[in-house]
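As a plain string of letters, each chain reads:
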Amino acid sequence: MEINFGTKVTLKQAANLIASTPMNRYMLRGEPGIGKSSIMAALKEKFPTHGLAYIDVPNMDLGDIAMPVIDHETKTTRYYPNARFGFHTNKPMIVMLDEFTKGFPAVINMLHPLLEPHNPRLGDVPVHPESFIFMTGNLATDGVGDLMKAHTLNRIIPVEVSKPSFDEWAEWAMNNGIAPEILAFGKQYPQIFASYTDGAQKENPYIFNPTKPMQAYVSPRSLERASHIVNIRKTLDQDTLLAALKGAIGEAAARDFQAYLDFADQLPTWEATIQDPRHTPVPKSAGACAIVVFGAISKVEKDTITPFMQYLERFEPEWQAAFAINIAKSATKQKVAFSCKAFSDWVAKNEDLL
């Protein structure tokens, strides 16, 4: 495991840093697909009245950013920014310059005035002083062309963002509709959240590694793509399912995960569990228990959580605790849990497990 001596921040810490010092321009660097773009949504949650300006820098040309407009009265030109960004609304903005370092030099020059701490502007339109402006990019060791000139570096604060652990990612995943089978797989295969920057992970077949040729690998972003495939897997034959998963998360993870899914489909149905929680078979393997626990978090409602708690009491304590901890993090299910007497009784009786 890589030890972090304060050299990296989590995605949540990065969002708090931006929110607390709006005058600074932070460049958030991290591996591909770890969720840097989610920081924009986190800031929007903190500041719901702010507008959003997502600028996908590598895919922009000068005309996509701003255009010269002739002022015939003064016989001059002005630069008017694209209306899609919302700078003309004169409201505070959350501005993300995504993959800033991969943009065309002329586009980067056009966006450079946004990096100024005082009176930032785009074209000739000033940005509201209460706006948050930040950039994202990859690590230099990722080998994807993230370079910056000295005059730009002097205007920004580079901050390295760590790859999320399973627990950090699971909190987001449960609130964003990720398939429970994906969550269970992540719980049982924590190595898919490891980083290539940890020397001990150089032989990890699942993750991004710039020293090895690969078309697909496991990342928080690719797990979300795989989740969509998992949700419709009943409509696919085995070859199609494997091919789709391989394209999303790489061959090593796809083959392990397909075997995991085959096992999941042999577990007792949700209906059987709820109808007869005292006698429905309880799985023995850790992988099967993980599937049941994370599947239940997405399925329980007010009328089913009590019988499920009766079923859960027959599991090992660690899986009971995993259910309680993770459902408490779910924005949509925590109310269901804490309004259930059986759940409250379990918490009171098992505080030592939490």
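Residues numbered from 1 in each chain as written. Predicted model: local features only at pLDDT ≥ 70, side-chain atom pairs only at ≥ 80, totals over all residues. Heavy atoms only, no water.

**Student:** Kindly report on the overall build of the protein, identifying the contributing residues and their values.
**Tutor:** Within the protein, the regular secondary structure consists of 16 helices and 10 strands. Along the three orthogonal principal directions, the C-alpha set of the protein runs to about 85 × 45 × 45 Å. Counting every position in the protein, which comprises 354 residues, the buried fraction comes to 49%. Taking the contacts inside the protein whose residues are at least 6 apart along the sequence as the reference set, 71% of them involve residues at least 24 apart. Surface accessibility of the protein: about 18000 Å² in total, with carbon and sulfur atoms responsible for 54%. (Helix = DSSP H or I, 4+ residues; strand = E, 2+ residues; numbered from the N terminus. Buried < 20%, exposed > 50% of the residue type's maximum accessible area, 1.4 Å probe, protein only. Contact = heavy atoms within 4.5 Å. Areas by Shrake-Rupley, 256 points an atom, 1.4 Å probe, with all protein chains shown as cover.)

**Student:** Pulling in residues and values, what's your account of the pairing of strand S10 (residues 157-161)?
**Tutor:** In this structure, strand S1 (residues 8-9) lies alongside S10, joined through two bridges in parallel fashion. Note that in S10 the partner of Val9 across the bridge is Val161. Relative to S10, strand S2 (residues 26-29) is paired through four bridges, and the arrangement is parallel. The residue bridging Leu28 from the neighbouring strand is Val159, located in S10. (Pairing = 2+ DSSP bridges.)

**Student:** Talk me through the sheet that holds S2; I want residue IDs and the actual numbers.
**Tutor:** The strand order S1-S10-S2-S9-S6-S3 describes an open sheet built from six strands, whose pairing is parallel. A strand with exactly one partner marks an edge of an open sheet, and here the two such strands are S1 and strand S3 (51-56).

**Student:** Now, about the packing of helix H7 (residues 180-188) against helix H12 (residues 286-299): what can you tell me, with residues and values included?
**Tutor:** Relative to each other, H7 and H12 sit at 140°, their axes nearing to 8 Å. As far as their axial angle goes, H12 and H7 are oblique. Taken as a pair, H7 and H12 cross one another with a handedness that is right-handed. When H7 is examined against H12, the residues Pro180, Leu183, Ala184, Lys187 and Gln188 are found in contact with a partner set consisting of Ala286, Gly287, Ala290, Ile291, Phe294, Gly295 and Ser298. Looking at the contact of H7 with H12 residue by residue, the class counts come to seven nonpolar, four polar and one charged. (Axes fitted to C-alpha atoms, helices over the stretch in contact; angles between N-to-C directions. Parallel < 35°, antiparallel > 145°, perpendicular 65-115°, else oblique. Left-handed = near helix turned anticlockwise from the far one by under 90°. Nonpolar A, V, L, I, M, F, W, Y, C, P; charged D, E, K, R; others polar.)

**Student:** Tell me about the nonpolar core, and name the residues and values.
**Tutor:** Among the nonpolar cores identified, the biggest contains 67 residues, and Trp169, Ile182, Leu245, Phe308 and Phe323 are the most heavily contacted of them. Residue contributions to this core peak at nine residues, all from H12. Once residues lying within four places of it in the same chain are set aside, the contact partners of Phe323 are Val293, Ala296, Ile297, Phe308, Met309, Leu312 and Phe343. With 26 residues, the next largest nonpolar core counts Met27, Val57, Met60 and Val107 among its residues. (Core = buried A, V, L, I, M, F, W, Y, C linked by side-chain atoms within 4.5 Å.)

**Student:** Outline helix H2 (residues 38-46), supporting the account with residue identities and numerical values.
**Tutor:** Buried within H2 are the following residues: Ile39, Met40 and Leu43. The arc enclosing the buried residues of H2, seen along the axis, measures out at 105°, which places them on a common side. Facing away from the buried surface of H2 by more than 90 degrees, the exposed residues are Ala41 and Glu45. Looking at the buried side of H2, the elements it contacts are helix H1 (11-20), S2, S3, strand S6 (93-98) and strand S9 (132-137). (Arc of directions from axis to C-beta.)

**Student:** Account for the pairing of S2, naming residues and giving values.
**Tutor:** Side chains Tyr26 and Leu28 of S2 all project onto a buried face; the interleaved residues Met27 and Arg29 project onto the opposite face, where all are buried too. Of the pairings in the sheet, the one linking S2 to S9 comprises four bridges and is parallel in character. The residue of S9 that forms the bridge with Leu28 is Thr136.

**Student:** Mind laying out the pattern of salt bridges, listing which residues take part and the relevant values?
**Tutor:** Summed over the entire model, instances satisfying the criterion amount to 13 salt bridges. Where Glu181 meets Arg233, a salt bridge forms, and the shortest distance between an N and an O atom there is 3.4 Å. Within this pair, whereas Glu181 is found in helix H7, its partner Arg233 is found in the loop between helix H8 (220-231) and helix H9 (238-249), the two being separated by 52 residues in sequence. According to the relative accessible area criterion, Arg233 is buried, its value standing at 11%. Glu313 is the partner of Arg278 in a salt bridge, and the nearest nitrogen-oxygen pair spans 3.9 Å. Within this pair, whereas Arg278 is found in the loop between helix H11 (270-275) and H12, its partner Glu313 is found in the loop between helix H13 (305-312) and helix H14 (317-329), the two being separated by 35 residues in sequence. Taking relative accessible area as the criterion, Arg278 reaches 47% and is therefore assigned partly exposed. For Glu313, a relative accessible area of 44% gives the class partly exposed. Each of the salt bridges in this network shares a partner with another, and the network as a whole consists of Lys246, Glu251 and Arg255. (Salt bridge = Lys/Arg side-chain N within 4 Å of Asp/Glu carboxyl O.)

Everything listed is a geometric property; what it means functionally is a separate question.
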